[in-house]
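Each chain, written out:
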Amino acid sequence: MPDTDTTTFILIAVILAALGIATLVAFLLGRNDSIAVDAAVVKRFRAKLRVWWTMVAIFVIGSLIHWIGLVVLFSMVSFWALREFISMTPTRRGDHRTLFWIFFIFTPLQYILIGLGDEYYPFYSIMIPVYASLFIPARAAIAGDAKRFLERCAKIQAGLLVCVYSLSHAPALLDLQLVRTGGEAWTGSNVNLLMFFVLIAQLSLTLERVWSKLAGRHVIAPDINASRTWEGVLGAMMSTGVIAALLRWATPFFWWEALLMGVVVTAMASMGTLTMSAIKRDRGVTDTGTLVQGHAGILDQIDNICFAAPIFYHVTRFFFT
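Residues numbered from 1 in each chain as written. Predicted model: local features only at pLDDT ≥ 70, side-chain atom pairs only at ≥ 80, totals over all residues. Heavy atoms only, no water.

Observations regarding the UniProt feature "transmembrane region" (unreviewed entry) in the protein
With numbering aligned to this structure, UniProt lists the feature "transmembrane region" (unreviewed entry) at residues 7-30, 50-77, 98-117, 123-142, 154-174, 186-207, 228-247 and 253-274. A distance of 28 Å separates the end C-alpha atoms of residues 98-117, which is 95% helix and 0% strand. As annotated, residues 186-207 comprises 82% helix and 0% strand, and the C-alpha atoms at either end are separated by 30 Å. (UniProt positions renumbered as here; feature names shortened; annotations may be inferred. Helix = DSSP H or I, 4+ residues; strand = E, 2+ residues; numbered from the N terminus.)

Here you go:
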């Protein structure tokens, strides 16, 4: 499993430089009252930047420690996100022992299998969707509480699938033996590929909001999220694809492959964010938790990554290994 290389540090420098410029712009907007910009928009932008700085700092530390640091990092994020999901969808007393297994057995086991390497793919690819999904209703039935049984089990299964299983495919990228189109072995670090994926997934969300604000006309699902538009998604797919193509030097992809990856990741990221909005609307909550004061929870920050990670992983595994 490759560690960081020179390209990794260049990619980190690019990300830090971009964040630095964005932070400077936010600072100037906040101080200049003559600029006709909505104060609430600036406030949300600055709050989002604080989240980005926090995520980048943690990610960089995990990258520099060793690849195992990234696996541990993602396992902690999964645990935290799952906790927010379960708190948002209350369960009954009879589910407590089932939740113990979910939090302290299946979640760590999934990441242990990821950490053991790609040869354990047959195990970590089915452990949660098959064995955990069968275990959850069986263990809940043993508790003897039949009230809203199907709904309770479905909530736990959905949380485990999104917050743990799907997200775990991101660090699983670290152990793929990658080749370029044509069969040439890729000599770069897989850490670069992981950072590339997280970066374009997060950028796609920001760019979708920008395009929806500038050109949004047709709302996708007004009763779920009135700010997400088809124009925003299409604009984000195009712009994220271009950015991904420009960053192809950090990946095993050719420019057109990186562009297509950017488009695919954006589409899945948009679906993930919209799905989480539907869940929050159903539960009557605005945010899944509080990651940064005045901002949303960690699940709100990674819902796009959760949905995009397994697709990005399997496309990469199928075409580039």
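Brief notes about the environment of L173
Mapped onto the fold, L173 is located in the loop between α7 (149-166) and α8 (190-215). The spacing of L173 and T316 is 143 residues in sequence and 8.4 Å in space, taken between C-alpha atoms. Discounting chain neighbours no more than four positions away, the residues touching L173 are N190, L193, L194, F197, F312, Y313 and T316. (Contact = heavy atoms within 4.5 Å.)

Examining the packing of helix α4 (residues 96-116) against helix α6 (residues 127-142)
At their nearest, the axes of α4 and α6 sit 11 Å apart, and the two run at 165° to each other. As summarised for this structure, α4 and α6 are arranged roughly antiparallel, according to the angle between their axes. Classified by chirality, the crossing of α6 by α4 is right-handed. Of the residues in α6, those in contact with R97, T98, W101, I102, F106, L109, Q110 and L113 of α4 are M127, I128, A132, F135, I136, R139 and A140. (Axes fitted to C-alpha atoms, helices over the stretch in contact; angles between N-to-C directions. Parallel < 35°, antiparallel > 145°, perpendicular 65-115°, else oblique. Left-handed = near helix turned anticlockwise from the far one by under 90°.)

Considering the nonpolar core
If you look at the biggest cluster of nonpolar residues, it comprises 80 residues, and the most contacted ones within it are L194, F196, F197 and F312. Non-local contacts of F197, meaning those with residues more than four positions away in its chain, are made with A170, L173, V265, I305, A308, A309 and F312. (Core = buried A, V, L, I, M, F, W, Y, C linked by side-chain atoms within 4.5 Å. Buried < 20%, exposed > 50% of the residue type's maximum accessible area, 1.4 Å probe, protein only.)

Structural notes on helix α11 (residues 298-319)
Taking 1.5 Å of rise per residue, the 22 residues of α11 would be expected to cover 32 Å, and the 31 Å separating its terminal C-alpha atoms lies within 8% of that figure. At A308, α11 is deflected by roughly 35°, the largest bend along its length, and proline P310 occurs up to four residues later in sequence. (Expected span 1.5 Å × (residues − 1). Bend = angle between axes of the 7 residues up to and from the residue.)

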